[in-house]
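# Coordinate inspection notes
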Amino acid sequence: SRSRDRLLDTMQVAGWRAVALLACVALCMMPTVRADAVELTAATFDKKIEEAGDVKWLMKFYAPWCGHCKRLAPVWDSADNIVDGKGLNVRFGSVDCTVHKAICKRWGVSSYPVLKVMSDLGKTVTEYRGGRTVESVVEYAERISGPVYKEVKTAKELKQFVSQHNASFVYFRASDATPSEDETWKVVHEAAQQMYDVTSFAVAPEDAAEDVGIKITHKLKPLKDEDGVGGKLVVFRKEEAKCYPDTRNKTVEDFVFWINGHRSEMLPMIDATNYRDIANRGKPLAIAVLRGAKISAGSDGEAAAVVPVEKIPINSEFLQSIRGVAREMEEGFAFGYLDGKRWDKFAEQYGVSQRVLPRLLLIDTPTDYYLPLPVDVKGHRSTVEYLTKVSSGDVKMLRTWTSAFKVAAQGYWEYIGAGLILLIFSPIAYMFWSESRADAKKKRDDKKKAEADKDK
């Protein structure tokens, strides 16, 4: 009996040891995860980039005291871990600009955080143009680590490609032209090389468009069968597609401008994460400012439900009208919508009151000019006509006080600088002049007194 108990105890101990051994083996076999991005210093910056070889770097220049930098730090590190797990040819780096000032000065960093993309062993440096959430940073890393465009051969592949993106661009090769002979493709390819980090490109044979199941328009009308799509660049967005307009030149700059203006949904919801990106498309931003979301009271202990702004009937009707306007006018304006209640301070600074919503607001971000559309401009046709007048200059946009000062001061900075110098140094000069004058008067008085005493 004792022998049997000892045998059972021995087997139990051996079993636990085996389990512990297996656990150790499993832990050893698990992939390691980097804790955070590589912290680079003045001494290691060039060395680390050279040692990494042919990879792209997402580089963050930051200051520890910066609030935006603090919020970005966990996003940057989480994205780094995910990208590392995917095995992408992208590395993440960080530079503390309060310590390594020379490195930050070398790359023109004057505010924080600044994000850059470095490739070719640091010889090619471009601005980071992605979002600042984990998902958007990872998506950006996937884009820059992949090819400039995808080659699709069938309608099925094309349909799958365009369904994966909110906006994507497809160049259809003409059946009677080879890539070496296709001059338009050479220009489009060069434009794609400048834009592939922020949108998706594909090349397809023209017959792939026949069964893609999405209506392709040209000049706001369905493309005729006899016209074909061969030799054309087409943007696909949300069950809609349209061709690059014949009225535009076919230069790299023109293609880049058009791609940049069409690389998001036709009428996206605007928030803090995408406002700057949508506003900086080289054309005025037309914002549909909607009535704020309503909260329906819960019953029997149920939580209150928030009705999305776009689902509120008056907003839904307004958006439907603006969508039609966007379809017709997006060559000259970038469109979007926002929650007027959540963005009330933003809307009010541009003259849009909460009492008169929904309403269309125009903003030209480079100049900070703005224009709320008059309340009596309603409906598709009236809005299109009014925006056409804005584009032609017949209707002038308004200036904020900051933009008015910039315009008034343009060309007069030297005079303003001279005026400021006079304003600062004039009191100092007057003080010295007054003291000198007082000293001179005192000397004259002392001299006269001395002469009077001598005469006596």
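The coordinates are above.
The rules behind each value
Residues numbered from 1 in each chain as written. Predicted model: local features only at pLDDT ≥ 70, side-chain atom pairs only at ≥ 80, totals over all residues. Heavy atoms only, no water. Salt bridge = Lys/Arg side-chain N within 4 Å of Asp/Glu carboxyl O. Buried < 20%, exposed > 50% of the residue type's maximum accessible area, 1.4 Å probe, protein only. 1 Å grid on protein atoms, 1.4 Å probe; cavity = no way out; pocket = protein on both sides within 12 Å on 5 of 7 lines; lining within 4 Å. Points joined across faces, edges and corners; volume = space filled by probe spheres on them. Nonpolar A, V, L, I, M, F, W, Y, C, P; charged D, E, K, R; others polar. Patch = residues over 30% accessible without salt bridge, like charges linked within 9 Å, V, L, I, M, F, W, Y side chains within 5 Å. Areas by Shrake-Rupley, 256 points an atom, 1.4 Å probe, with all protein chains shown as cover. Helix = DSSP H or I, 4+ residues; strand = E, 2+ residues; numbered from the N terminus. Contact = heavy atoms within 4.5 Å. Disulfide = S-S within 2.5 Å. Phe/Tyr/Trp six-rings, centres within 6.5 Å; stacked < 30°, edge-to-face > 60°. Lys NZ or Arg CZ within 6 Å of the ring centre and 35° of its normal. Pairing = 2+ DSSP bridges. Axes fitted to C-alpha atoms, helices over the stretch in contact; angles between N-to-C directions.

This part takes up the pattern of salt bridges. A full pass over the atoms with the stated rule returns 16 salt bridges. Arg 248 serves as the salt-bridge partner of Asp 254, at 3.1 Å between the closest nitrogen and oxygen. Among the residues examined, Asp 254 registers a relative accessible area of 17% and is labelled buried. With a relative accessible area of 22%, Arg 248 lands in the partly exposed category. Taken together, the shared-partner salt bridges connect Arg 237, Lys 242, Glu 330 and Glu 331 into one network.

Under the defined criterion, the tally for this structure stands at 2 cavities of 30 Å³ or more. Taken as a whole, the largest cavity holds about 70 Å³ of empty space. Lining the largest cavity are Arg 237, Gly 261, Ser 264, Glu 265, Met 266, Ile 278, Arg 281, Lys 283, Glu 330, Phe 333, Ala 334 and Phe 335. Considering only residue class, the lining of the largest cavity consists of 5 nonpolar, 2 polar and 5 charged.

Further remarks concern a nonpolar patch on the surface. On the surface, a cluster of nonpolar side chains totalling about 830 Å² of accessible area is made up of Leu 420, Ile 421, Leu 423, Ile 424, Phe 425, Ile 428, Met 431 and Phe 432. Mapped onto the fold, Leu 420 is located in helix H14 (residues 413-455). Overall, Leu 420 belongs to the partly exposed group, its relative accessible area being 48%.

Now for the side chain of Asn 315. Assignment of secondary structure puts Asn 315 in helix H10 (residues 313-329). Owing to a relative accessible area of 0%, Asn 315 belongs among the buried residues under this scheme. For Asn 315, the residues in contact, after removing those within four places along its chain, are Leu 290, Arg 291, Val 309 and Pro 358.

On to unusual backbone geometry. The peptide bond linking Tyr 112 to Pro 113 adopts the cis configuration, its omega dihedral lying at -10°. Tracing the sequence through the fold places Pro 113 in the loop between helix H4 (101-106) and strand S4 (114-119). A cis geometry characterises the amide bond from Leu 357 onward to Pro 358, with omega recorded as 5°. Tracing the backbone through its elements, the reader meets Pro 358 in the loop between helix H11 (344-349) and strand S17 (359-364). One non-glycine residue with positive phi stands out, namely Lys 219, at about 60°. As for its position among the elements, Lys 219 is in the loop between strand S9 (216-218) and strand S10 (221-222). For Leu 220, which is not a glycine, the phi torsion comes out positive at approximately 70°.

Now for the state of the cysteines. Applying the stated criterion across every chain yields a total of 1 disulfide. The disulfide partner of Cys 97 is Cys 104, and the gap between their sulfur atoms is 2.0 Å. The sign of the S-S torsion, about -90°, decides the handedness of the disulfide formed by Cys 97 and Cys 104: left-handed. For the residue pair Cys 97 and Cys 104, the accessibility class agrees, reading buried in each case.

What follows is about the packing of aromatic side chains. Evaluated as defined, the whole model comprises 18 aromatic pairs. Following the ring pairs from residue to residue traces out a cluster consisting of Phe 169, Phe 201, Tyr 244, Phe 255 and Trp 258. The ring of Tyr 62 carries Lys 60 above its face, with NZ or CZ at 5.0 Å from the centroid.

What follows deals with the sheet that holds strand S19 (residues 398-399). Paired through their backbone hydrogen bonds, the strands of a sheet run either parallel or antiparallel. Pairing within the open sheet is mixed, and its 5 strands lie in the order S16-S13-S17-S18-S19. Strands at the two margins of the open sheet, each flanked by one partner only, are strand S16 (334-339) and S19. Across 4 bridges, S17 lies against strand S18 (residues 369-372) in antiparallel orientation. Directly across from Ile 363, in S18, lies its bridge partner Tyr 370. Docked against the sheet, helix H12 (residues 380-392) engages S16, S17 and S18, running at close to 15° with respect to S17.

Remember, this is a structural readout, not a statement about activity or role.
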